[in-house]
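# Structural overview for review
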Amino acid sequence: MAGDAGSVLKVSVWRSSGPGGVAAGDGRFETFEVPRQPSQTVLDVVTHIQRHCDPTLGYRFACRVGVCGSCAMVVNGEARWTCRTHVDKVAEGGRLEVAPLRNLPVIRDLATDMSAFFDKWARARGQFSGTRSRQEPFAVVEPQSEERRQVDLGIECIGCGVCYSSCDVVEWKPDYLGPAAMNRAWTLVNDVRDTARRERLAAVAGDAGCHACHTHMSCTERCPKHLPLTSAIAGLKRETTRALLRGEL
Amino acid sequence: MSPRAQAGLWFAQRMSAVVLAFAVVVHLATMIYAVRSGLSAAEILDRTRGNLPWFLFYAGFVVAIAVHLPIGLRNVIAETLGWRGRLLEACTAALAAGLLAWGLRAAWAVYAPGGA
Amino acid sequence: MSSRAWRSRNHPAYWAFLVHRVSGLALAAFLPLHFWALGQALSGPAALDGFLSWADHPAVKLAEFGLVVALAAHLAGGLRLLALEFLPWREWQKSLFAASVAAALAAGLLFALNVG
């Protein structure tokens, strides 16, 4: 198979045409040849290119083990964590195509500017608001309660941007909050200690929020942590509707 | 348009969808039954002329369509053409009014006893 | 940007969306014609029959079949969406798209058999 030592991988890598702040579509694919290694990941391949073929290649990574969420790229058309994607799994006929995440401006080559992505977490009222101070005892959240279980479903998000890159609604409506920000809002809506429920539901309602979701489920399909993102957005649709009918929106 | 109003549109489209789900099942069944021996004006009008329950059914059907369709089309237009704001809302409202009038005229046409 | 851009959309929920959008647009385009045709009855059964005889052309019959399938598909896909949006998340909802396609084709087949 492709994993044979001694064989060579042909890798098309997206190169932006100028340094800094270029539009996502401004650039071209450049092909590199990379020796195959056993258990090689896509991040290994990109690192090899930068170290041995072209030191000017720009990309981002940190932990290399699927914890930090900084190395996501579009590999053969699908957004993935490159550190947790084995070449064996995605290479086709000894070829790979590596591009930056969609729906975000490219800083350089494979590195995107994720500011807009995280700004939307803030706009979705993604901050916790509580009432207790550090002098008071811990709040007790019943682990078996329905709310806590809903929180458990979404809490493992590490903000890699794979869902955001895979979402067509983000592409169609640039102010759309996107799956990750709304998943965050949904975990807080279910946090029994939180006091900002009303403002949060108002923040995620409407055409830039949950009501623009078409249930394409590309986010859920692609999430490396298999979080039920579409379900979280549907939860927000139900809760905002309830608030609307009560006159609280 | 405020996020609250947009949420209201979403809900109106879902609720009209529930009404349409029932109406379309009845409509499909009637249609499949009606075409067995070929369509003729006499046969259609025989069923609908002066028949108040059918008229009320079709009138309700039209109202639900006039709510459901413009909201859906509004989304498609906003997503593919990028229209926003006043222009989009005006088109949506005009489409709703047009469908309502045009559809109720059709329902009346097959109901009105003896023709107009 | 990439020739492989459609790969990440190749999954059942995205296909369900495409079917829902295309069928919705087809129905939206057809409805004004449908309302106009029924409105012909205002000028008496003969006018409606005039239209219905035009509708006897094989090409029109084929389009009618397409519309019946579109209506059934939009209905089934809409019920799927209501289940996904209003019911809590369950694994079985993943097979709803297959069920929707089956229902739409069944309605189309039933129509085609009866119209023949």
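Per chain, residue numbering runs from 1 following the sequence as it is written. All chains are assigned letters beginning with A, and all ligands numbers beginning with 1, in the order in which they are written. Where local features are concerned, this predicted model is filtered to residues with pLDDT of at least 70; where side-chain atom pairs are given and counted, the filter is 80 or more; whole-chain, interface and lining totals use all residues.

## Let's talk about the interface of chain A and chain C
Threshold: Any pair of residues counts as being in contact when their C-beta atoms, constructed from backbone geometry, are within 7 Å of one another. To qualify as a helix, a DSSP run of H or I must reach at least 4 residues; to qualify as a strand, a run of E must reach at least 2; elements of each kind are numbered from the N terminus.
Contact with chain A, which involves 21 residues of that partner, is made by 16 residues of chain C. Among the elements of the structure, strand S4 (78-81), strand S5 (95-99), helix H9 (218-222) and helix H10 (229-245) of chain A are those that each provide at least two residues to the side of chain A that touches chain C. Element by element, the count of residues in the side of chain A that touches chain C is highest for H10(A), at 4 residues.

## Points about the domain arrangement of chain A
All names here are of chain A. Rules: Domain start and stop points were drawn from an automatic or database domain assignment. When residues are sorted by character, Ala, Val, Leu, Ile, Met, Phe, Trp, Tyr, Cys and Pro go into the nonpolar class, Asp, Glu, Lys and Arg into the charged class, and all the rest, Gly among them, into the polar class.
When cut into domains, chain A gives domain 1 (8-112) and domain 2 (115-245). The C-alpha-based centres of domain 1 and domain 2 are spaced at 29 Å. Taken residue by residue, the interface counts 14 residues in domain 1 and 15 residues in domain 2. Take the side of domain 1 that touches domain 2: its biggest share by element is 4 residues, from S4. When its residues are assigned to classes, the side of domain 1 that touches domain 2 shows 8 nonpolar, 2 polar and 4 charged.

## Looking at the pairing of S4(A)
Residue and element names in this part refer to chain A. Short version of the rule: Exposure criterion: with C-beta atoms placed from backbone coordinates, a residue whose C-beta has 20 or more other C-beta atoms within 10 Å is buried, one with 12 or fewer is exposed, and one in between is partly exposed. In this scheme, strands are said to pair when DSSP sees at least two bridges between them.
Here S4 shows no split at all, with Glu78 and Arg80 on one side and Ala79 and Trp81 on the other all buried. In this structure, strand S3 (residues 72-75) lies alongside S4, joined through 4 bridges in antiparallel fashion. Note on S4: the bridge partner recorded for Val75 is Glu78. Between S3 and S4, which pair antiparallel in sequence order, lie 2 residues; one of them, Asn76, sits at a positive phi of approximately 45°.

## A few points about the environment of A:Glu147
Residues and elements named next belong to chain A. Mapped onto the elements, Glu147 comes out in helix H4 (residues 146-154). The exposure class of Glu147 is partly exposed, given the 14 C-beta atoms found within 10 Å. Between the alpha carbons of Glu147 and Asn190 there is a distance of 5.0 Å; along the sequence they are 43 residues apart. Apart from the residues within four sequence positions on either side, Glu147 is in contact with Asn190 and Val192.

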